[in-house]
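Okay, here's what each chain looks like letter by letter:
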Amino acid sequence: EALRAGRRPLHRLLLAEGVRPNTLIEEVVSLAHKRGCPVEERPRSDLARLAHTREHQGLVLEAGPYPYVALDEIVATAGPQALVLLLDRLQDPQNVGTLLRTAEAVGVQGILLPEHEAVAVTPAVVRASAGACEHLPIARVNNLVRAMARLKETGIWVLGLEKDPRAILYTEADWVRPVAVVVGSEGTGLRRLVRERCDGLVYLPMSGRVGSLNAAVAGSVILYEIWRRRGWAGPITAPEPAGPSGRVRNPPPATERRKR
């Protein structure tokens, strides 16, 4: 994804000696040549040392640091159907990476991360996002509350995800207007000042015994609801025909089966 995006400075692509060529490796090598990135073969142990893991799939790309953008760049490109994601002090790379992967899938136009007490776009976050972060405009801001005020000045409605007496059910919010969604930290949720400066709060209903959802799961549910409400989701794929065994390879939803 770093080669596809072409946003980072590219130093060299390392291939493990004796790695068996396949479609992925051929595509990566082809992209490297197109980007003018040198390709070298090295012992597999060298790749493991550089990647800090033996699970490197025979490929390591040496590249420059993550290319953050300025807040003003996100504001300038948001447009009339703005969708911005703000992460308030999330510290788990897996959660941040999962949210970035969802954000890229549903067309989020910008991500804001605090500079302090929050994870940055680290190698662990890149890995957890499956490279989706390479295609996203992400800004690190010194003060998230001031950044929220900047978004409001441009007409973007800021809604926080929080279980609170003031919160409304997430399906009742107006997601069609330009909007920014704020997801709080894994343990304490939104900070008091961030919560108070939101234009509104939404919550996800729960019927189980567990008190809250994982931050990445909850944020992903909200992002997909916005995508659905804005009519961007495509049609549901029709079930595949039955295979030789007579079983349907891609069965219809349970609701359809009950109707039958």
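Residues numbered from 1 in each chain as written. Predicted model: local features only at pLDDT ≥ 70, side-chain atom pairs only at ≥ 80, totals over all residues. Heavy atoms only, no water.

### Remarks on the confidence of the model for the chain
Item 1. The predicted model of the chain has a mean per-residue pLDDT of 89, with 89% of residues at 70 or higher.
Item 2. Low pLDDT, under 50, characterises residues 236-260; the predicted model gives this stretch 14 contacts beyond four residues in sequence or across chains. (pLDDT = per-residue confidence, 0-100. Contact = heavy atoms within 4.5 Å.)

### A short note on the side chain of R12
Item 1. Note that R12 resides in strand 1 (residues 10-16).
Item 2. Polar side-chain contacts of R12 include one of 3.2 Å to the side chain of E40.
Item 3. Within the structure, R12 has its side chain in polar contact with the side chain of E62 (distance 2.4 Å). (Helix = DSSP H or I, 4+ residues; strand = E, 2+ residues; numbered from the N terminus. Polar contact = N/O pair within 3.5 Å; in protein donor to acceptor, adjacent residues only side chain to side chain.)

### Regarding unusual backbone geometry
Item 1. Positioned with a positive phi, H52 is a non-glycine residue whose angle comes to about 60 degrees.
Item 2. Mapped onto the secondary structure, H52 falls in the loop between helix 3 (44-51) and strand 3 (59-63).
Item 3. Even without glycine at this site, A130 takes up a positive phi of about 55 degrees.
Item 4. The topology assignment puts A130 in the loop between helix 6 (123-128) and strand 6 (138-141).

### Quick word on the pattern of salt bridges
Item 1. In the structure shown here, the tally under the stated rule is 19 salt bridges.
Item 2. Here R8 and E134 are joined by a salt bridge, their closest N and O atoms 2.8 Å apart. Of this pair, R8 sits in the loop between helix 1 (2-5) and strand 1 while E134 sits in the loop between helix 6 and strand 6, placing them 126 residues apart in sequence.
Item 3. Taking the relative accessible area as the measure of exposure, R8 reaches 15% and is therefore buried.
Item 4. Look at E134 and you get buried, because its relative accessible area is 3%.
Item 5. Between D174 and R177 there is a salt bridge; the shortest N-O distance is 3.3 Å.
Item 6. According to the relative accessible area criterion, R177 is partly exposed, its value standing at 32%.
Item 7. In this structure, a network of salt bridges that share partners links the residues R12, E40, R42, D46 and E62. (Salt bridge = Lys/Arg side-chain N within 4 Å of Asp/Glu carboxyl O. Buried < 20%, exposed > 50% of the residue type's maximum accessible area, 1.4 Å probe, protein only.)

### What about helix 2 (residues 23-34)?
Item 1. With 12 residues, helix 2 should cover 16 Å at 1.5 Å per step; its first-to-last C-alpha distance of 16 Å lies within 8% of that length.
Item 2. On its buried face, helix 2 is in contact with helix 1, strand 1, strand 2 (39-42) and strand 3.
Item 3. The N-terminus of helix 2 is capped by N22, whose side-chain oxygen sits 3.0 Å from the backbone nitrogen of L24.
Item 4. At the exit of helix 2 stands G36, carrying a positive phi of roughly 75 degrees. (Expected span 1.5 Å × (residues − 1).)

### Re the sheet that holds strand 5 (residues 110-114)
Item 1. The sheet built from 7 strands is open, its strands ordered 6-5-4-9-7-10-8 with parallel pairing. Each edge of the open sheet is held by one strand with a lone partner, namely strand 6 and strand 8 (168-169).
Item 2. Pairing geometry for strand 4 (residues 83-87) and strand 9 (residues 179-183), over 5 bridges, is parallel. When the bridges of strand 9 are listed, V84 appears paired with A180. (Pairing = 2+ DSSP bridges.)

### A look at the sheet that holds strand 3
For sheets, the rule is that strands pair by backbone hydrogen bonds, running either parallel or antiparallel.
Item 1. Reading across the sheet, the 3 strands line up as 2-1-3 and stay open at both edges, with mixed pairing between neighbours. Across the chains shown, the open sheet's two edge strands, defined by having one partner strand only, are strand 2 and strand 3. Taking each pair of neighbouring strands and ignoring which way they run, the sheet shows an average axis angle of 25 degrees.
Item 2. Its contacts with the sheet put helix 2 on strand 1, strand 2 and strand 3, and the angle it makes with strand 1 is roughly 150 degrees. (Axes fitted to C-alpha atoms, helices over the stretch in contact; angles between N-to-C directions.)

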